[in-house]
Amino acid sequence: MDKQLMLRHFETEYEDPIDEIVGDDPEFKKINDRFFAKSEELCKLVGGANSPVWDLFEEVMDEYHSIELLLCKAMYLQGAEDREKMLK
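A quick note: this is a predicted structure, and the numbers were derived from the prediction, not measured. (Residues numbered from 1 in each chain as written. Predicted model: local features only at pLDDT ≥ 70, side-chain atom pairs only at ≥ 80, totals over all residues. Heavy atoms only, no water.)

Q: Which parts of the structure should I look at to understand the packing of helix H1 (residues 3-13) against helix H4 (residues 52-87)?
A: When two helices pack together, you describe them by how their axes are tilted relative to each other and by the distance separating the axes. For the pair H1 and H4, interaxial distance at closest approach is 10 Å and the crossing angle is 125°. One element, H1, and the other, H4, form an angle in the oblique class. Two packed elements cross with a definite hand, and for H1 against H4 that hand is right-handed. When H1 is examined against H4, the residues Lys3, Met6, Leu7, His9, Phe10 and Glu11 are found in contact with a partner set consisting of Leu69, Cys72, Lys73, Tyr76, Leu77, Ala80 and Glu81. A per-class count over the contact of H1 with H4 returns eight nonpolar, one polar and four charged. (Axes fitted to C-alpha atoms, helices over the stretch in contact; angles between N-to-C directions. Helix = DSSP H or I, 4+ residues; strand = E, 2+ residues; numbered from the N terminus. Parallel < 35°, antiparallel > 145°, perpendicular 65-115°, else oblique. Left-handed = near helix turned anticlockwise from the far one by under 90°. Contact = heavy atoms within 4.5 Å. Nonpolar A, V, L, I, M, F, W, Y, C, P; charged D, E, K, R; others polar.)

See below:
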């Protein structure tokens, strides 16, 4: 398996991999809705969207999303490798 080729394919095909793969899943929607509701609640508690605490939260979430994307790519590549093994 050419990992670089598979990675390019992933990056071309999946602009928002999590939403594209599980976006229609009712369980994902339920959890995602709870996450956004809690985020809005937190935003209010820390003084709104322009507060330093909220800015820090957004930075933390950006880092978390970077980790999430790396995990998605790694799982995609592992799945491609597993499929190749199964076809042999």
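Q: Just to check I follow, could you spell out the environment of glycine 47 for this structure?
A: Relative to the assigned elements, glycine 47 resides in the loop between helix H3 (26-45) and H4. Taking the C-alpha atoms as reference points, glycine 47 and arginine 83, 36 residues apart in sequence, are found 49 Å from one another.

Q: Hey, could you run me through the packing of aromatic side chains in this one?
A: How two aromatic rings sit relative to each other is given by the distance of their centres and the angle of their planes. Scanning the model with the defined rule gives five aromatic pairs in all. Each ring, one from phenylalanine 35 and one from phenylalanine 36, has its centre 5.4 Å from the other, and the planes form 80°; the classification is edge-to-face. Where tryptophan 54 meets phenylalanine 57, the ring centres are 4.7 Å apart and the plane angle is 35°; that geometry is what we call tilted. Here tryptophan 54 and its partner phenylalanine 57 are both found in helix H4, three residues apart, which amounts to about one turn of the helix. Among the aromatic residues, those joined into a cluster by ring pairs are Phe10, Tyr14 and Tyr76. (Phe/Tyr/Trp six-rings, centres within 6.5 Å; stacked < 30°, edge-to-face > 60°.)

That's the geometry; what it means functionally is another story.
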